[in-house]
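Chain and residue survey
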Amino acid sequence: MVKKPKLAVFASGTGSNLAALLKAAQADTLGGDIVRVVIDRKSAGAIAIAEAANIPVLQIRYPAFETREAAEQEIVKTLVADGVTGILLAGYMRILTPYIVQAFEQRILNIHPALLPSFPGNNAIEDAWNAGVKVTGVTIHYVDTGVDSGQIIAQTPVLISEDETIDELTERLSLIHISEPTRRTPISYAVFCLKKKK
């Protein structure tokens, strides 16, 4: 029997994606166990969510290190000690350096709120909204050293309703890739791909 991967979740904001991932993990529908949360902003709401779930939190203040690589060396040291085999970026607002990308090559997954290759970057939902597209969605992809340029693993299209607001769309996108009840979700499939890697 293949063991479930031990996962770390990286977050910077409110933690809505983290909360959904933890719920999926607790329901045994994620396909992996979340054993660490990494936060780069001390005001991130994700901290309280992780602590409420008794998941250890590593807070990294990048400005406290001489280089971004030095900060990520500390992250990698902690993840290795935790036995982490996969990383999920859930609203993590930093571009990772080649150091950590190579340390976890093809084992870092990003949850991006658009159908890549359209609308890469941090403002994907707003960019899609302003472009007037009728269909957007969520992409799960491997992380490389570019910006949302890694190999695509799974995508879920989302129709934009004429009567919804951008805030309502944002909420739908934050949950659909994790909580779809009728079939394997994109993120669980992506975690399954991690499980198959040696």
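Residues numbered from 1 in each chain as written. Predicted model: local features only at pLDDT ≥ 70, side-chain atom pairs only at ≥ 80, totals over all residues. Heavy atoms only, no water.

1. Points about the nonpolar core
Note the following rule: Nonpolar cores are built from buried Ala, Val, Leu, Ile, Met, Phe, Trp, Tyr and Cys residues. Side-chain atoms within 4.5 Å join them into one set. Using a 1.4 Å probe on the protein chains alone, a residue whose accessible area is under 20% of its type maximum counts as buried, one over 50% counts as exposed, and one in between counts as partly exposed. Note on conventions: DSSP H or I runs of at least 4 residues are helices, E runs of at least 2 residues are strands, and numbering of each starts at the N terminus.
Core analysis: the largest hydrophobic core is formed by 32 residues, its most contacted members being Leu21, Leu30, Ile34 and Leu109. With 5 residues, the top contributor of residues to this core is helix α1 (residues 16-26). With 20 residues, the next largest nonpolar core counts Leu58, Tyr62, Ala71 and Ile108 among its residues.

2. Description of the packing of aromatic side chains
Filter applied, for reference: The rule is short: rings of Phe, Tyr and Trp, with Trp giving its six-membered ring, pair when the centres are within 6.5 Å, and they are stacked under 30 degrees, edge-to-face over 60, tilted in between. By the criterion adopted, a ring carries a charge over it if an Arg CZ or a Lys NZ lies within 6 Å of its centre and within 35 degrees of its normal.
In the structure shown here, the tally under the stated rule is 1 aromatic pair. Taken together, a centroid distance of 5.1 Å and an interplanar angle of 70° make the contact between phenylalanine 10 and tyrosine 92 edge-to-face. Here phenylalanine 10 is found in strand β1 (residues 6-11), whereas its partner tyrosine 92 is found in the loop between β4 (86-89) and α4 (98-103), with 82 residues between them in sequence. When sorted by exposure, phenylalanine 10 lands in the same class as tyrosine 92, which is buried. A cation over an aromatic ring shows up here: arginine 94 above the ring of tyrosine 62, its NZ or CZ 4.0 Å from the ring centre.

3. Considering the side chain of threonine 97
Applicable threshold: Only heavy atoms matter for contacts: two residues are in contact if any of them lie within 4.5 Å across the pair.
Structurally, the position occupied by threonine 97 is in the loop between β4 and α4. Among residues more than four places away in sequence, those in contact with threonine 97 are Arg68, Glu69 and Glu72.

4. Considerations on the pattern of salt bridges
The condition is simple: Each reported salt bridge corresponds to a side-chain nitrogen of Lys or Arg within 4 Å of a carboxyl oxygen of Asp or Glu.
For the structure on display, the rule yields 5 salt bridges. As a salt-bridge pair, aspartate 28 and lysine 4 come within 2.9 Å of each other at their nearest N and O atoms. With aspartate 28 in the loop between α1 and β2 (33-39) and lysine 4 in the segment before β1, the pair connects residues that are 24 residues apart, well separated along the chain. Note on lysine 4: relative accessible area 34%, which makes it partly exposed.

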